[in-house]
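# Summary of the model geometry
The residues making up each chain are set out below.
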Amino acid sequence: MSRADSASFRGLRVSFQEELEALQANLQEESELVLRSLRGSLNALQQRDVELADEVIAFDDEVDERYLAIGQGIEQLLARQTPVAVDLRLVLAVLHINLGLERMADLCVTIAKLTKLTAELEHDATMVEAFEEMGSRAEEMTRVAMRSFAERDLAGAESLVDLDEMIDRANRRVVKHVLELGNDPELREWGLRMIIVSRCLERVGDHAVDIGEQTAYLVTGEFREFTDASRPDE
Amino acid sequence: MSVSAGRLRSDGPRGRWSGRAFYGFLLFSLVIGFSTLGALVLQVVLKGYKWVDLVLLFEPPSAEPLIAGAEPAILATIYLGVLLLLFTVPLGVGTAIYLEEYADRDRWYNRLLEVNIQNLAAVPSIVYGILGLAFLVRGIGLGRVLLAGAMILTLLVLPTVIIAAREAIRAVPDSIRQAAYALGATKWQVVWRQVLPAATPGIATGSILALSRGLGETAPLLLVGALTYVSFNPTILGEFTALPVQIYQWVARPQEEFRVLAASGIIVLLAILLTLNAFAIWLRNRYERRW
Amino acid sequence: MVTATSVTMADVSINLAEREQQLPPKEFREVVFDVNDLGVSYNGNQALQGVSLEIYRNFVTAFIGPSGCGKSTFIRCFNHLNALIPGAVVEGTILYHGEDLYGAHVDPVEVRKRIGMVFQKPNPFPKSIYDNVAFGPRVLGMTDGLDERVERALEQAALWDEVKDRLKASALSLSGGQQQRLCIARCLAVEPEVILMDEPASALDPIATTRIEDLMHDLKRDYTIVVVTHNMQQAARVADLTAFFSITRGAEGQRTGILVEYDATSKIFTQPFDKRTEDYVTGRFG
């Protein structure tokens, strides 16, 4: 039984506005979990720590639990309160962000799994450092995105596009770098796997931008992408 | 595309003329009725107004027109009125409550009762007079007394009071009763505390109108023994006369002065009845419910 | 999948028993009414048939369904108001805290003292506000501390602040929403355990409706509330449990009301078990 159900069964007055607040609070908590997962996977990658990677993979269950609970909460809210106007946009935004956060956590799991896979292989230190930078940027973007959502800050949300630039550029450079890694088969294998890690980090950044777009939708009521996918590569 | 203004004008004089003719006919009927009535009343008033004085009101009748008054008749009419109210209101309202709130419409005796109330209202008043004579005056030996007259008048106006009370009770919306029942009231409590208080203005109006009808009746009173010549003030169990009767026997006298007296008596009677009716209308307007 | 015309009583009872309903967990529920195979007929016309469910204490239970499905008839069984309609026959049993509501020596007055009712169209008595609220206590002999009783009832109905300075004014001078709250106060004044509401807000504007719904939320702390509503969104907002009634047609085309589904409101409006329920709540009915 969902939290809302049991509360009302206990005879408490759970008003519509309180339910909305609770939903958003849950979402923020979920984002904290995702950030922990991200930091964990980045550290595991840096330190080639297999145990930490395992922890990150196990931790994903918690995120999933939260994801399902929020999903149920949204269903209840829509069915019972039929929200309109800003309330409706809020619920839809929460729905999207919930999805995005869950994907972000999944991406962290992928990074952790790849860390385990490549733990014994030769590696390139510069790339690993670059990943740390990308990862940190992704962390920052996630924080900015969630804060902008909480504060309904449109400018903050739109700033995410610029923040994402760095990750996108770094991601594109990774392929070039891997091609220059040389003929060592272990290194080459590591490099190929790291392309996926890079891609994961780039996707995390994209999801953060999506969260920003949801904030913009909530505030303006318009469905729009911040960037045009057909923009030519730099 | 705009509709041309010409289309809006009426097609022809047909409908309008028959409408106007009908309206004219209505006005005509109204005028005929009211002017006839007005002429009669005016004639009486002009004839008798000079003689409406303290003598008329406070002196007993006499063979001498100049000192003849109608005090016993007026008093008797007043007593009759009071007794009439005392008898008809409980009986009429009680019957109405029974029929509306308690009676099961499917029972034969209740349906019989309903049908007969309508019939009784249509019976000519002289029949009541004969009834009174046979059962009250002779049958139970009451004699030709005021009480008998009151009882007969009661029977005469009772159907009207019952009908008026039923209307008033029916006008109380059922939602009021349902709400009262839902709060735990018994049937009696619902009737006594909600239905009756709400129906009271209608009942009062109906009763007063019935009363004024009863006071104007002459035929039944004659048969029950309103004597033609009463020079003492009436008592309930004594012999009596009433204002309509007094007027009647004055008219029958040969002297012209008595005709004038009759006219003045009519004025007094009309005044009493009009006052009663005006009071009933005022009551109804004052307590008119908007549900 | 059963269709509306071919369902039998057996089908319905199997469906409900087979699956797990999302009723309040055992530790939270206390049965107030236990309805078993209830049927109501008026002069031989079966208006309602085969209804079985439980009403729990301190919850709001809603009855929804198309018009003519018998939900108003059903709710009036709980306070013997059907007895006022000549020719009404009630079969089956309703147990109120274990006692048969239609037992041989049951006094309707005692029943109505404990089970009050608010009607669709506000119906205040043509008396003062005070006398309206005081009517119930007066007829039931609860005349001690009448002033406090009236004040408490008006407070519980969220009307005290608006009328405390004009208790002697006519009840008919209040607005529609206020009149309905007055009717609720009138009902509360006799301290019932259960409050039945037959479409309490359907005659009111949206703001007045919201106030009544908020009131239901508050009142369920102390009372058990059963509400009939034709407004599904209202049931979704307000009720903890929802019972959906529908109409079956007999062999000669007679229409009889039946209980189709009874479950937690969240279940009814997200994943109803019966297709008929889903058709109704999604608006595809009829």
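Residues numbered from 1 in each chain as written. Chains lettered and ligands numbered in written order. Predicted model: local features only at pLDDT ≥ 70, side-chain atom pairs only at ≥ 80, totals over all residues.

## Description of the overall build of chain B
Within chain B, the regular secondary structure consists of 11 helices and 0 strands. Written out in order from the N terminus, the α and β elements of chain B read α-α-α-α-α-α-α-α-α-α-α. Relative to the 2.2 N^0.38 estimate, which gives 19 Å for 291 residues, the radius of gyration of chain B is 25 Å and therefore markedly larger than a compact globule would have. Overall size of chain B, expressed as C-alpha extent along the three principal axes, is 90 × 60 × 35 Å. Going through the 291 residues of chain B one by one, you find that 34% of them count as buried. Long-range pairs, those at least 24 residues apart, make up 75% of the contacts in chain B between residues at least 6 apart in sequence. (Helix = DSSP H or I, 4+ residues; strand = E, 2+ residues; numbered from the N terminus. Rg over C-alpha atoms; globule rule 2.2 N^0.38 Å. Buried ≥ 20, exposed ≤ 12 C-beta atoms within 10 Å, placed from the backbone. Contact = placed C-beta atoms within 7 Å.)

## Section: the overall build of chain A
Secondary structure assignment for chain A yields 7 helices and 0 strands. Of the regular secondary structure in chain A, the N- to C-terminal order runs α-α-α-α-α-α-α. Each principal axis of the C-alpha distribution contributes one length, and for chain A these read about 65 × 40 × 20 Å. Going through the 234 residues of chain A one by one, you find that 37% of them count as buried.

## A short note on the pairing of strand E3 (residues 60-64) of chain C
Residue and element names in this part refer to chain C. Burial runs high along E3: 5 of the 5 residues are buried. The alternating pattern of E3 places Val60, Ala62 and Ile64 on one face and Thr61 and Phe63 on the opposite face, and all of these are buried. In this structure, E3 lies alongside strand E8 (residues 224-228), joined through 4 bridges in parallel fashion. Looking at the pairing, valine 60 lines up with isoleucine 225 of E8. (Pairing = 2+ DSSP bridges.)

## Re the interface of chain C and chain B
Contact residues are listed per partner, giving 19 residues for chain C and 15 residues for chain B. Every element with two or more residues in the side of chain C that touches chain B is listed here: helix H3 (108-114), strand E6 (115-118) and helix H4 (129-139) of chain C. Of the residues contributing to the side of chain C that touches chain B, the split by class is 11 nonpolar, 4 polar and 4 charged. (Nonpolar A, V, L, I, M, F, W, Y, C, P; charged D, E, K, R; others polar.)

## Some words on the pairing of strand E2 (residues 45-56) of chain C
All names here are of chain C. Judged from the 8 bridges that link them, strand E1 (residues 31-42) and E2 form a sheet pairing that is antiparallel. Paired with leucine 38 across the strands is valine 51, a residue of E2. Connecting E1 to the antiparallel partner E2 that follows it, the hairpin turn spans 2 residues, and asparagine 43 within it adopts a positive phi of roughly 50 degrees.

## Quick word on the packing of helix H5 (residues 125-139) of chain B against helix H6 (residues 146-170) of chain B
Residue and element names in this part refer to chain B. At a minimum axis distance of 10 Å, the contact between H5 and H6 shows a crossing angle of 135 degrees. The angle between H5 and H6 falls in the class oblique. The element H5 and its partner H6 pack so that their crossing is right-handed. When H5 is examined against H6, the residues Ser125, Tyr128, Gly129, Gly132, Leu136 and Val137 are found in contact with a partner set consisting of Ala148, Met151, Ile152, Leu155 and Leu156. Grouping the amino acids of the contact of H5 with H6 by side-chain chemistry returns 8 nonpolar, 3 polar and no charged. (Axes fitted to C-alpha atoms, helices over the stretch in contact; angles between N-to-C directions. Parallel < 35°, antiparallel > 145°, perpendicular 65-115°, else oblique. Left-handed = near helix turned anticlockwise from the far one by under 90°.)

## Structural notes on the packing of helix H3 (residues 71-102) of chain B against helix H8 (residues 187-215) of chain B
Residue and element names in this part refer to chain B. Put simply, H3 and H8 touch, their axes get as near as 9 Å, and they point 140 degrees apart. Overall, the two elements H3 and H8 adopt an arrangement that is oblique. The two elements H3 and H8 cross, and the hand of that crossing is right-handed. Side by side, H3 and H8 meet where Thr77, Leu80, Gly81, Leu84, Leu85, Thr88, Val89, Val93, Ile97 and Glu101 of the first sit next to Val191, Val195, Ile203, Ser207, Ala210, Leu211, Gly214 and Leu215 of the second. Taken together, the residues of the contact of H3 with H8 break down into 12 nonpolar, 5 polar and 1 charged.

## A few points about H3(B)
Here H3(B) is 32 residues long and its end C-alpha atoms lie 45 Å apart, about the 46 Å a rise of 1.5 Å per residue gives. Of all the bends found along H3(B), the most pronounced is centred on B:Thr88 and spans about 25 degrees, while B:Pro90, a proline, follows it within four residues. (Expected span 1.5 Å × (residues − 1). Bend = angle between axes of the 7 residues up to and from the residue.)

## As for the nonpolar core
Within soluble globular proteins, side chains that are nonpolar generally end up buried alongside one another. The biggest cluster of nonpolar side chains holds 144 residues, and the ones touching the most others in it are B:Leu80, B:Ala165, C:Ala185, C:Ile225 and C:Val227. The dominant element in this core, judged by the number of residues it contributes, is H6(B), at 16 residues. With 53 residues, the next largest nonpolar core counts A:Ala145, A:Val174, A:Val209 and A:Leu218 among its residues. (Core = buried A, V, L, I, M, F, W, Y, C linked by C-beta atoms within 7 Å.)

## With respect to the confidence of the model for chain A
Residue-level pLDDT values for chain A average 88, and 91% of them are 70 or greater. Highest mean pLDDT in chain A belongs to helix H4 (residues 85-118) of chain A (95); lowest belongs to helix H1 (residues 3-9) of chain A (43). (pLDDT = per-residue confidence, 0-100.)

## Quick notes on unusual backbone geometry
Unusually for a residue other than glycine, A:Arg152 sits at a positive phi of about 55 degrees. Residue C:His80 is not a glycine yet carries a positive backbone phi of 60 degrees. With respect to the helices and strands, the residue C:His80 is situated in the loop between helix H2 (71-75) and strand E4 (88-96).

## Quick word on the arrangement of the chains
Among the 2 pairs of chains that make contact, the interface with the largest number of contacts is formed by chains B and C. There is a gap between chain A and chain B: no contact, and a shortest C-alpha distance of 26 Å.

## Section: the confidence of the model for chain B
Residues and elements named next belong to chain B. The share of residues in chain B with pLDDT of 70 or more is 92%, and the mean pLDDT across the chain is 84. The least confident element of chain B, judged by mean pLDDT, is helix H2 (residues 54-58) at 76; the most confident is helix H7 (residues 174-182) at 94. In the model output, the complex is listed with pTM 0.80 alongside ipTM 0.88.

## A look at the environment of C:Thr73
All names here are of chain C. Tracing the chain through its elements places threonine 73 in helix H2. In this structure threonine 73 comes out as buried when scored by C-beta crowding, with 24 C-beta atoms within 10 Å. Taking the C-alpha atoms as reference points, threonine 73 and aspartate 198, separated by 125 residues in sequence, lie 9.9 Å from one another. Apart from the residues lying within four places of it in its own chain, the contact partners of threonine 73 are Val40, Ala47, Leu48 and Asn82.

## So, the environment of B:Trp188
In this structure, B:Trp188 sits in helix H8. Sequence spacing of B:Trp188 and B:Leu209 is 21 residues, and the spatial spacing of their C-alpha atoms is 28 Å.

## Topic: the environment of C:Val111
Mapped onto the elements of the fold, C:Val111 is located in helix H3. Contact partners of C:Val111, with chain neighbours within four places excluded, come to C:Asn79, C:His80, C:Leu101 and C:Val106.

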